[in-house]
Amino acid sequence: MVVASAPAKVILFGEHFVVYGEPAIAIAIDKRAYAEATLRKDKLIYINSVNLGVSGFFKGRHFQPEKDKATLDKLVPIKNSVTKVLGKANETIGVNLDIQSDIPASAGLGSSAAVAVSTTAAVGYLVGVKLSKEDVFEIALDAERLIHGTPSGIDPAISTYGGAIIFQKGKDFKPLDVKLSIPLVVGNTNLERSTGELVAAVRRMRDYYPSIVGEIIKIGGEIALRAIEALKRGDLKVLGELLNINHALLSVIGVSNEALDHLIYAARNSGACGAKLTGGGGGGCIIALTEDSRIKKVIAAIERAGGTAFQARKTDEGVRVEP
Ligand code: MEV
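Residues numbered from 1 in each chain as written. Predicted model: local features only at pLDDT ≥ 70, side-chain atom pairs only at ≥ 80, totals over all residues. Heavy atoms only, no water.

## Section: the sheet that holds strand E9 (residues 184–188)
So, step 1. Spatial ordering of the open sheet is given by E10-E11-E9-E12, a layout of four strands whose pairing is antiparallel. Every interior strand has two partners, whereas the edge strands, strand E10 (274–278) and strand E12 (308–312), have only one. Looking at each pair of strands side by side, their axes are set apart by 25 degrees on average, direction ignored.
So, step 2. Here E9 pairs with strand E11 (residues 285–289) via five bridges, running antiparallel. Bridge pairing in E11 places Gly187 opposite Ile286.
So, step 3. Relative to the sheet, helix H7 (residues 236–252) contacts E10 and E11, its axis offset from that of E10 by approximately 40 degrees. (Pairing = 2+ DSSP bridges. Helix = DSSP H or I, 4+ residues; strand = E, 2+ residues; numbered from the N terminus. Axes fitted to C-alpha atoms, helices over the stretch in contact; angles between N-to-C directions. Contact = heavy atoms within 4.5 Å.)

Structure (C-alpha cells):
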C-alpha cells in the first residue's frame, strides 16, 4: 500500500490573467489531498473518492459505477492519471485508489489538481515507476485539461512543488523566496462552481472586447510583478492595496459575485490589509491578508457574513509519499 499527498493552493495574484501568459503568484497551503493506492489481482482500476462521494470500476474504457451513473465525469481525470502512470510501467495491472481530502472541492483551492498530483505519485511509487516532479506535474496537468479545458498549469505546479511560486505559462516556474509568513484568512462562500466554465466565460468576453479586456489582462500581470517586490520587502500595506486592485479587475471580467464581495467587504471592514477572490471565482473562496493580531476578528466577521473561514499557512512541502 502506498499513500501520497499533495497540498491545496491559493493564488495571491493573477488568476485568469495567467491563462493569457501573464505572471501569477501562488502559495501552497496546509490542507492536503491523500491518495492511497494498492494493487489488485485483476486488471481493473477501482477509484473511490470519499469527498466527492463517488466510486466505480474501470475496465479499459468501460466504466461501472458503484452507486450513481453521473459520477463518470468526476472520476475520468483521476483514471487518466492512473493509466498514464501504468502506461509508463508498460504493464496492465489492476489498482485500487482511495482518495480523501482536507481541501473543499470546487472552491478555488486547487482540490482537483491536488488529487491528480497525489494520485500520480501514489500509483508511480506503487508500480515502481520513477517519476520526477516534472513528470508528476505533466501528468496532473493532463488530468486538469479534462476538467478545466484550457488550464494555465498553475494549480498542478504549486501542488507538485509546494512553497511559493511565480508562474508564467510556457516558462519555468520560479520559486519565490518569501521571508514573510504571509498571514492569510481564507473565507469560503460554500458556493461550488466550475473553473472551466469561468475560464470559458472570460475567454468569450476577451473575444468580444479584445482591446478592453486585453488591457485589463496586462494590468493584472503588472500587479503581480509589483506584488513580487512588495513580498520581498514584506510590505503588507502595499500587498493589501494590490490585492484590492486585483479583485476590482476580476470583478470587471465578470468572475466575482455578490456572495464573494460580501465576504471581501466583511474582511476589509474588520481590519484585513486587503482581500480578493482566489482561484476561478463565481463562488468558492476569498483570501484576506491579515496581520496576526486581527486574524480572529476577520474570521469572525466572515462567519457573521455567512461564510466559513480558516487561517491558512504557507507550506513548503509539495507532493510527498507518506511514510
Ligand atoms: C484556477 O485556480 C486559476 C485560473 O487562473 C485557471 C488556470 O489558471 O488554469 C482561473
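There is more to say after this.
## Concerning the domain arrangement of the protein
Note: interface size is frequently given as the accessible area lost on complex formation between the parts.
So, step 1. Taken as a whole, the protein is organised into domain 1 (2–177) and domain 2 (184–312).
So, step 2. Taking only C-alpha atoms, the centre of domain 1 and the centre of domain 2 are 25 Å apart.
So, step 3. Listed as interface residues are 28 residues of domain 1 and, on the opposing side, 43 residues of domain 2.
So, step 4. Interface area for domain 1 against domain 2, summed over the two sides, is near 2,900 Å², with a carbon-plus-sulfur share of 71%.
So, step 5. The interface formed by domain 1 and domain 2 contains one salt bridge.
So, step 6. The tally of links between domain 1 and domain 2 comes to eight residue pairs in polar contact (both at pLDDT 80 or more).
So, step 7. Listed by contribution, the elements that provide at least two residues to the side of domain 1 that touches domain 2 are strand E1 (2–13) and strand E2 (24–40).
So, step 8. Considering every element that reaches the side of domain 1 that touches domain 2, the biggest residue donor is E2, with six residues. (Domains from an automatic or database assignment. Buried area = accessible area lost by both parts, 1.4 Å probe. Salt bridge = Lys/Arg side-chain N within 4 Å of Asp/Glu carboxyl O. Polar contact = N/O pair within 3.5 Å; in protein donor to acceptor, adjacent residues only side chain to side chain.)

## Observations regarding the packing of helix H2 (residues 111–127) against helix H3 (residues 133–148)
So, step 1. Packing of H2 against H3 brings their axes to within 9 Å, and their N-to-C directions diverge by 140 degrees. The orientation of H2 with respect to H3, classified from their angle, is oblique. Like other packed secondary-structure pairs, H2 and H3 cross with a definite hand, here right-handed. Two secondary-structure elements touch here, H2 through Ser112, Ala113, Ala116, Val117 and Thr120 and H3 through Val136, Ile139, Ala140, Ala143, Glu144, Ile147 and His148.
So, step 2. Within the contact of H2 with H3, the residues separate by chemical class into eight nonpolar, three polar and one charged. (Parallel < 35°, antiparallel > 145°, perpendicular 65-115°, else oblique. Left-handed = near helix turned anticlockwise from the far one by under 90°. Nonpolar A, V, L, I, M, F, W, Y, C, P; charged D, E, K, R; others polar.)

## Some points on the layout of surface pockets
So, step 1. Considered as a void within the structure, the largest pocket measures approximately 860 Å³ in volume.
So, step 2. At the level of secondary structure, the elements contributing two or more residues to the lining of the largest pocket comprise E1, helix H1 (72–89), strand E6 (94–101), H2, H3, helix H4 (154–161) and helix H5 (195–208).
So, step 3. Here the residues of the lining of the largest pocket are counted per class, giving 19 nonpolar, 17 polar and eight charged.
So, step 4. Split by domain, the lining of the largest pocket shows at least three residues from each of two domains, domain 1 (2–177) and domain 2 (184–312). (1 Å grid on protein atoms, 1.4 Å probe; cavity = no way out; pocket = protein on both sides within 12 Å on 5 of 7 lines; lining within 4 Å. Points joined across faces, edges and corners; volume = space filled by probe spheres on them.)

## A closer look at the nonpolar core
So, step 1. With 110 residues, the main nonpolar core has Val10, Leu12, Phe13, Ile182, Leu184, Leu231 and Leu239 as its most contacted residues.
So, step 2. For this core, the domains that each give at least three residues are domain 1 (2–177) and domain 2 (184–312).
So, step 3. Beyond its immediate chain neighbours, meaning those up to four positions away, Leu184 contacts Val10, Leu12, Ile27, Ile287, Ala288, Leu289, Ile295, Phe310, Gln311 and Ala312. (Core = buried A, V, L, I, M, F, W, Y, C linked by side-chain atoms within 4.5 Å. Buried < 20%, exposed > 50% of the residue type's maximum accessible area, 1.4 Å probe, protein only.)

## Brief notes about the state of the cysteines
So, step 1. Applying the stated criterion to the full structure yields zero disulfides.
So, step 2. Just so you know, Cys273 is unpaired, no disulfide at all, and the nearest cysteine sulfur is the one on Cys285, 19 Å from it.
So, step 3. Overall, Cys273 belongs to the partly exposed group, its relative accessible area being 22%.
So, step 4. Among the residues examined, Cys285 registers a relative accessible area of 0% and is labelled buried. (Disulfide = S-S within 2.5 Å.)

## Considerations on empty space enclosed by the protein
So, step 1. Counting across every chain of the model gives one cavity of 30 Å³ or more.
So, step 2. Reported here for the largest cavity is a volume of approximately 50 Å³.
So, step 3. Lining the largest cavity are Leu12, Phe13, Ile182, Leu184, Leu231, Leu239, Leu243 and Leu289.

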